[in-house]
Amino acid sequence: MHDSHTTGGHAQPAAHGDGHAGDHAAHAPVATGTFVMVWVALLALTMVTVAASVWFPGKVGIGVAMVVTPIKAALILMWFMHLKYETAVFRVMFLSAIMILALVMGLTFFDYSFR
Amino acid sequence: MHAEGGTLGAAAVSPAAAAHHEHRDDIGSKTGMWLFLFTELLLFGGLFIIYAVYRHKYGTEFHEAAHELNKAMGVTNTFVLLTSSLTMVLAVGALQRARVAESLRWLGATFGLACCFLVIKFLEWSAKHHHGIWPGGEHLHAMPPGEGMFFNLYFMMTGLHGIHVLVGMGVMGSIAARIRSGHVSPSRYAALEFTGLYWHLVDLVWIFLLPLFYLTN
């Protein structure tokens, strides 16, 4: 993971030149093995949801999908989309966007449930 | 300019970057990219809400209609898209490590997998079209309201997602050209990184479409 730290610094003198501007560019790239492991986990979790929907159609299958799918989304967001390696601001921004969506969804169902 | 691409390492690129001392704000542009992704999220989010409301209303019809979808094709496309997300992060990683040719190969692989996704999608839609299940098709028109709604939402959401795949492929093509011309380089790779963010969002939306349409029976 730190193998490229020295070359990374060497490659981006501009990063130090203008302060904050190049901060993310100075990050060491994430190891390839980490991404491959995340990919394997995503494929395995997909198999889990498919198997659950085939062997336990109905409530159990849907329940498994409702638990596993957000885990898959979190893997993509944190590793593939780098949120794990960004400053907390990006995670807070993302959570606020999701909260707005959840709020609108909640209000819609509040309306529909009492019609 | 073209020669700069293949074999020259990071050290060869850096003096030029230092000499320019360009003013750029990578954090700021990344913030902007995420704000754009939020609008995409809310665009699909609106459709997910419509889906949730109608599934709540027509539970049994949705389950009946979902039997018509080809589960194997939906799952295969999930594997294709997840793999394309991996090749995309590898393209970004290779460029960060100043391996330009390798980066272009991973980007090409991502493009190929995107094509593969659309071909499978095309076969799937063709089969539905053949059976008259198509917006405006006679079979879909004759269905009970809940099942008709399921297929209308299916075509609307997978169609909008498919348009996003096409846009992603277009962006990948233009980024590949800009990597070749040296405008996107190991010292300036934000454009490739943001293409990746967009591509992962397309993947993220599909991950939710799979259980909602293909695994609902």
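Residues numbered from 1 in each chain as written. Chains lettered and ligands numbered in written order. Predicted model: local features only at pLDDT ≥ 70, side-chain atom pairs only at ≥ 80, totals over all residues. Heavy atoms only, no water.

1. Re the interface of chain A and chain B
Argument step 1. The partner chain B presents 54 residues to the 51 residues of chain A that form the contact.
Argument step 2. Where chain A abuts chain B, roughly 4800 Å² becomes buried across the two surfaces, and 75% of that area is made up of carbon and sulfur atoms.
Argument step 3. Our count for the chain A to chain B interface comes out at 1 salt bridge.
Argument step 4. Here lysine 30 of chain B and glutamate 86 of chain A are joined by a salt bridge, their closest N and O atoms 2.5 Å apart.
Argument step 5. Put simply, chain A and chain B have 5 residue pairs in polar contact (both at pLDDT 80 or more) between them.
Argument step 6. For the side of chain A that touches chain B, the secondary structure elements donating two or more residues are helix 1 (5-11), helix 2 (13-17), helix 3 (32-55), helix 4 (59-80) and helix 5 (88-113) of chain A.
Argument step 7. The leading source of residues in the side of chain A that touches chain B is helix 3 of chain A, at 12 residues.
Argument step 8. Residues that form the side of chain A that touches chain B fall into these classes: 34 nonpolar, 13 polar and 4 charged. (Contact = heavy atoms within 4.5 Å. Buried area = accessible area lost by both parts, 1.4 Å probe. Salt bridge = Lys/Arg side-chain N within 4 Å of Asp/Glu carboxyl O. Polar contact = N/O pair within 3.5 Å; in protein donor to acceptor, adjacent residues only side chain to side chain. Helix = DSSP H or I, 4+ residues; strand = E, 2+ residues; numbered from the N terminus. Nonpolar A, V, L, I, M, F, W, Y, C, P; charged D, E, K, R; others polar.)

2. Concerning the domain arrangement of chain A
Argument step 1. According to the domain assignment, chain A contains domain 1 (1-30), domain 2 (31-81) and domain 3 (87-115).
Argument step 2. The straight-line distance from the C-alpha centre of domain 2 of chain A to that of domain 3 of chain A is 22 Å. (Domains from an automatic or database assignment.)

3. Let's talk about the confidence of the model for chain B
Argument step 1. Per-residue confidence for chain B gives a mean pLDDT of 90; residues scoring 70 or more make up 90%.
Argument step 2. In the predicted complex, the global pTM is 0.85; the interface-specific ipTM is 0.87. (pLDDT = per-residue confidence, 0-100.)

4. Structural notes on helix 2 (residues 26-57) of chain B
Argument step 1. An ideal rise of 1.5 Å per residue puts 46 Å on 32 residues; helix 2 of chain B measures up with 46 Å between its terminal C-alpha atoms.
Argument step 2. At the N-terminal end of helix 2 of chain B, a side-chain oxygen is found 3.4 Å from the backbone nitrogen of isoleucine 27 of chain B, two or three residues along, and the residue is aspartate 25 of chain B. (Expected span 1.5 Å × (residues − 1).)

5. Quick notes on helix 5 (residues 100-130) of chain B
Argument step 1. Under the 1.5 Å per step criterion, the end-to-end length of helix 5 of chain B is 45 Å for 31 residues, consistent within 8% with the ideal 45 Å.
Argument step 2. One or two steps after helix 5 of chain B, the chain reaches glycine 132 of chain B, where phi turns positive at roughly 75 degrees.

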